[in-house]
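Residue-level structural notes
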Amino acid sequence: MAITIPTIDLSPYLTTSDSNDPQKATIIAAIREACTTTGFFRITHHGIAPLLQSDLLAAAKHFFALPLEIKRRYIDTTARKGYEEIGSQMLEQGTRPDLKECYFVGAEPAEPKEPPYQPFEYPNIWPDASVLPEAVFKEPILKYHEATCKLAQTIMQILVKGLEDDFPGLESEKLLQDFCQEPCASLRLLRYPGPSPSWEDSIEKGKDGTMCAQRGEVVAGAHTDFGGITLLLQDGNEGLQVLYRQEGNGIQGIEGEQEEEVWVDVPSTPDAYVVNIGDMFERWTGGRYRSTVHRVVNVCGQERYSVPFFYDGNLDFMVRPLDKADPSEDGHEWTVREYLMKKFEEIYI
Ligand SMILES: O=C(O)CCC(=O)C(=O)O
Ligand SMILES: [Fe+2]
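Just so it is clear, the structure is predicted and the values come from calculations on it, not from any experiment. (Residues numbered from 1 in each chain as written. Chains lettered and ligands numbered in written order. Predicted model: local features only at pLDDT ≥ 70, side-chain atom pairs only at ≥ 80, totals over all residues. Heavy atoms only, no water.)

Quick look at the confidence of the model for the protein
- Taken residue by residue, the protein gives an average pLDDT of 89. The fraction at 70 or more is 90%.
- For residues 250-254, every residue scores under 50 in pLDDT, and the model assigns this stretch five contacts once sequence neighbours within four places are set aside.
- Scoring of the predicted complex yields 0.93 for pTM and 0.99 for ipTM. (pLDDT = per-residue confidence, 0-100. Contact = heavy atoms within 4.5 Å.)

Given below as structure tokens:
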């Protein structure tokens, strides 16, 4: 049986204040089931206004449509914020660089930070208002960031509640409070180019010598997400695929029983978020919740926009396994910041 990625209507959870409402328990159980099997689910009726989503996708389109020499003004490889051109990342080590361009925006701190900045705490980079008015770019991005952060906190609450039976004595409220305060939460506006080069693409090549992707080509290599949870907004074009490893089919070859790998297409509708579990969360839960390999392929035959929102928690939060007797632990405890830094070092070229 192939993988199924369930779609869960979140509205009963959001509209009921009674924490013992059976509808809430049903949603917690359905999401738990998805996290312990594929690590992926879709949510609808999540409360994020369609207008916020379309304004965000429009902001991405406006920025990426700028000439490359202007976009390059907003590259900062130290801060790792702002623009990243095609070919800057390789999500699957040893393959060719990803065919995508990005604009990276982190949380705006309540109090501005002072230099020297710690990793992930550099200020956001915004295009000059003469290049892109704030009403077109900065404002919709920050509004969307704020709304999505709240939604991510609700999903974290559901996820932690789903673990209460696995980890008796789990102090859910305290855990959530510590993890969710001043969270590292980042938006990555993404554009995957289509098959035909635009005027600008034809005069400037990406780092790997090409700016366009043919149908069927992998445009973001196979990877797992690094941190907590990811909430993905898509423009309606499909492209995301999740890896399903089928058990041996009983045929005994020279190399032993075959394990079949199947890439499963994830539907793309702007009203549904695709939510998935990252590596840090998997480790935190001793593997109860699964961080699953996925990639992006040009299946739609045209350019595609998507915006993953990575919710990784407080940077100083110590990721202690919930199962205190986890034998896989080597005694080293990692903070969220250490987790993210290790992974970030791997993916940039
Ligand atoms: O663009 C997508 O659909 C997924 C992107 C993704 O998996 C990532 O950036 O981690
Ligand atoms: Fe991903």
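Focus: helix 2 (residues 22-37)
- In this model, helix 2 (16 residues) spans 23 Å end to end at C-alpha, consistent with the 22 Å of a helix rising 1.5 Å per residue.
- Looking only at helix 2, the buried set comprises K24, I27, I28, I31, A34 and C35. Looking straight down helix 2, one finds that the buried residues subtend no more than 130° of arc, so they occupy a single side. Of the exposed residues in helix 2, those oriented more than 90 degrees away from the buried face are P22 and T26.
- Looking at the packing, one finds that the buried side of helix 2 touches strand 1 (7-9), helix 1 (11-15), strand 2 (40-44), helix 5 (138-161) and strand 13 (273-277).
- Phi turns positive, to about 75°, at G39, one or two residues after helix 2. (Helix = DSSP H or I, 4+ residues; strand = E, 2+ residues; numbered from the N terminus. Expected span 1.5 Å × (residues − 1). Buried < 20%, exposed > 50% of the residue type's maximum accessible area, 1.4 Å probe, protein only. Arc of directions from axis to C-beta.)

Remarks on the pairing of strand 6 (residues 183-192)
- Burial of strand 6 is extensive: ten of the ten residues sit out of reach of the surface.
- Going residue by residue along strand 6, you find P183, A185, L187, L189 and R191 tucked away on one face and C184, S186, R188, L190 and Y192 tucked away on the opposite face as well.
- Where strand 5 (residues 101-105) meets strand 6, five bridges bridge the pair, whose relative direction is antiparallel. Bridge pairing in strand 6 links V105 to L187.
- Two elements, strand 6 and strand 15 (residues 304-314), share eight bridges in a ladder whose sense is antiparallel. Counterpart to R191 in the pairing with strand 15 is Y305. (Pairing = 2+ DSSP bridges.)

Thoughts on the coordination of the iron ion (ligand 2)
- Coordination of the iron ion (ligand 2) by the protein comes from H223 (NE2), D225 (OD) and H294 (NE2), over a distance range of 2.1 to 2.2 Å.
- With a relative accessible area of 7%, D225 lands in the buried category. (Donors = N, O, S within 2.8 Å, 3.2 Å for Na, K, Ca; no water.)

Overview of the packing of aromatic side chains
- Under the criterion given, the structure shown has 20 aromatic pairs.
- Look at F64 and Y83: their rings are 6.5 Å apart centre to centre, the planes differ by 50°, and that puts the pair in the tilted class. One end of the pair, F64, is in helix 3 (residues 50-64); the other, Y83, is in strand 4 (residues 81-84), with 19 residues separating them in the sequence.
- Taking relative accessible area as the criterion, Y83 reaches 2% and is therefore assigned buried.
- Their ring planes at 85° and their centres at 5.2 Å tell us that F179 and F317 sit as a pair that is edge-to-face. Taken together, the residues span a long stretch of sequence, with F179 in helix 6 (residues 172-180) and F317 in the loop between strand 15 and strand 16 (318-319) at a distance of 138 residues. (Phe/Tyr/Trp six-rings, centres within 6.5 Å; stacked < 30°, edge-to-face > 60°.)

A word on the pattern of salt bridges
- Summed over the entire model, instances satisfying the criterion amount to 16 salt bridges.
- For D98, the salt bridge goes to K100, with nearest N and O atoms at 3.0 Å.
- Here D98 falls in the buried class, since its relative accessible area comes to 2%.
- The buried category is assigned to K100, whose relative accessible area is 5%.
- Connected through salt bridges with shared partners, the residues K71, E101, R191 and E303 form a single ionic network. (Salt bridge = Lys/Arg side-chain N within 4 Å of Asp/Glu carboxyl O.)

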